[in-house]
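# Analysis of the macromolecular model
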Amino acid sequence: MIPVQVGKANIYSVSDGNMTFSRDTFFNGLSQDDWKSYSDYQGSEFAMNVGSFIISTHESTVLVDTGLGKLDHQIKQPTRETLLPEINEAGFSPEDVDTVFITHLHLDHVGTNMTDTPSGWIPTFPNARYMVSREDWSLFTRLSNSEAFSYIKQQVQPLMDKGILELFDGETKVSGEITTLPTPGHTPGHSSLLISSEGQKAVIVGDAAHIPPQAQETQWSPSPDRDKELSAKSRAMVMDLIEREHALLASGHFPSPGFGNLVRVESKRLYVPLS
Ligand SMILES: [Zn+2]
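These remarks concern the structure in this document. Given the structure is predicted, the values throughout are model-derived calculations rather than measurements.

Attention now goes to the overall build of the protein. Summing up its helical and strand segments, the protein has 6 helices and 17 strands in all. For the protein, the C-alpha radius of gyration of 18 Å lies close to 19 Å, the compact-globule estimate for 275 residues. Expressed as lengths along the three principal axes of its C-alpha atoms, the size of the protein is roughly 55 × 45 × 35 Å. Taken over 275 residues, the protein has a buried fraction of 55%.

Below you can see the structure in the form of structure tokens.
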């Protein structure tokens, strides 16, 4: 597996499988006409990668999001539980990870935080501190008594109980080259990551965008976005930043491996995957 280099940082794309959704349920309120320029999205269903990233620098090994793991859920998932083998293929072991950064507390981003063993539940990445925004923590722990959010009790709460969950606010340094970039709306504390090294930049966008057409259609806020107006603002902000700074865009839900650049073609902003 070959990483993408951003200055002195190496970014690896690893995946926990994929999911399929109904296009018109996920993006409700759009018309057939809205989709006409996007030939990859003409069918009634579309697939999303369940992607994570490893950012490797001289001082840290950061895993961004932990997929769906073995969680019970209603999502259609043709392939699953590939995260740990892919981390291995990238040349890392779970012990190497010193930080697990969670972009937000939806179930497809936290599913491999904890592992069930004969002697009980243990953190999957035993040497890591885990990072979650304070705003998502306070919302999702309030919801954790409902069945839909019971995964919080299994995969997130134990990290706090063990004292290895760090809550952050706003823009926070994760390591020398990596800073959190608040992109609220999908969830209240949703956070992207900005990687900046030797004049080169990359942004891991998290769920500020789910499919490449949203690079142009920043007003397309899908049904899972809690605050659709705010998520549209965050999406526009982060896409403008990536375009202006000629940054690499990294997305866990865009087609794997989810690396690309934003380019202007006839006034439209297009996502062009790295070849
Ligand atoms: Zn997601």
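Structure shown, so let's carry the discussion forward.
Before going further, it helps to spend a moment on the coordination of the zinc ion. Ideal geometry at a metal centre gives angles of 109.5 degrees when four donors are arranged tetrahedrally and 90 or 180 degrees when six donors are arranged octahedrally. Distances from the zinc ion to its protein donors, namely Asp108 (OD), His109 (NE2), Asp207 (OD) and His253 (NE2), fall within the range 2.1 to 2.3 Å. For the zinc ion, the 4 donor atoms in the first shell make angles of 87 to 169° at the metal, a pattern classed as irregular.

Our focus in this paragraph is helix α3 (residues 134–143). All of the buried residues in α3 are Asp136, Trp137, Leu139 and Phe140. Packed against the buried residues of α3 are β9 (129–133), α4 (151–155), α5 (157–161) and β10 (165–168).

The next subject is the sheet that holds strand β11 (residues 173–175). Sheet architecture is open: 7 strands sit in the order β11-β12-β13-β14-β15-β16-β17, paired in mixed fashion. Only two strands of the sheet have a single neighbouring strand rather than two, namely β11 and β17 (268–273). The mean inter-strand angle of the sheet, taken between neighbouring strand axes irrespective of direction, is 30°.

With that out of the way, let us pick up the nonpolar core. Nonpolar side chains tend to gather and get buried jointly when the protein is soluble and globular. Ranked by size, the top nonpolar core spans 43 residues in total, and within it Phe46, Ile54, Ile87, Leu105, Phe125, Tyr151 and Leu165 carry the most contacts. If you list the elements that add at least two residues to this core, you get β2 (9–22), β3 (45–56), α2 (83–89), β9, α3, α4 and β10. When neighbours within four sequence positions are excluded, Leu105 is seen to be in contact with Val110, Val132, Asp136, Trp137, Phe140, Tyr151, Ile152 and Val156.

Put simply, side chains in a regular strand alternate between the two faces of the sheet. Summarising burial for β3: 10 of the 12 residues are buried, a large majority. With 11 bridges connecting them, β2 and β3 associate as antiparallel partners. Bridge pairing in β3 links Asn10 to Ser56. Looking at chain direction, β3 and strand β4 (residues 61–64) are connected through 4 bridges and run antiparallel. Residue pairing in the sheet places Ile54 in a bridge with Leu63 of β4.

Conventions we followed
- Residues numbered from 1 in each chain as written.
- Predicted model: local features only at pLDDT ≥ 70, side-chain atom pairs only at ≥ 80, totals over all residues.
- Heavy atoms only, no water.
- Helix = DSSP H or I, 4+ residues; strand = E, 2+ residues; numbered from the N terminus.
- Rg over C-alpha atoms; globule rule 2.2 N^0.38 Å.
- Buried < 20%, exposed > 50% of the residue type's maximum accessible area, 1.4 Å probe, protein only.
- Donors = N, O, S within 2.8 Å, 3.2 Å for Na, K, Ca; no water.
- Tetrahedral: all angles 85-135°; square planar, octahedral: opposite > 155°, others 65-115°.
- Contact = heavy atoms within 4.5 Å.
- Pairing = 2+ DSSP bridges.
- Axes fitted to C-alpha atoms, helices over the stretch in contact; angles between N-to-C directions.
- Core = buried A, V, L, I, M, F, W, Y, C linked by side-chain atoms within 4.5 Å.

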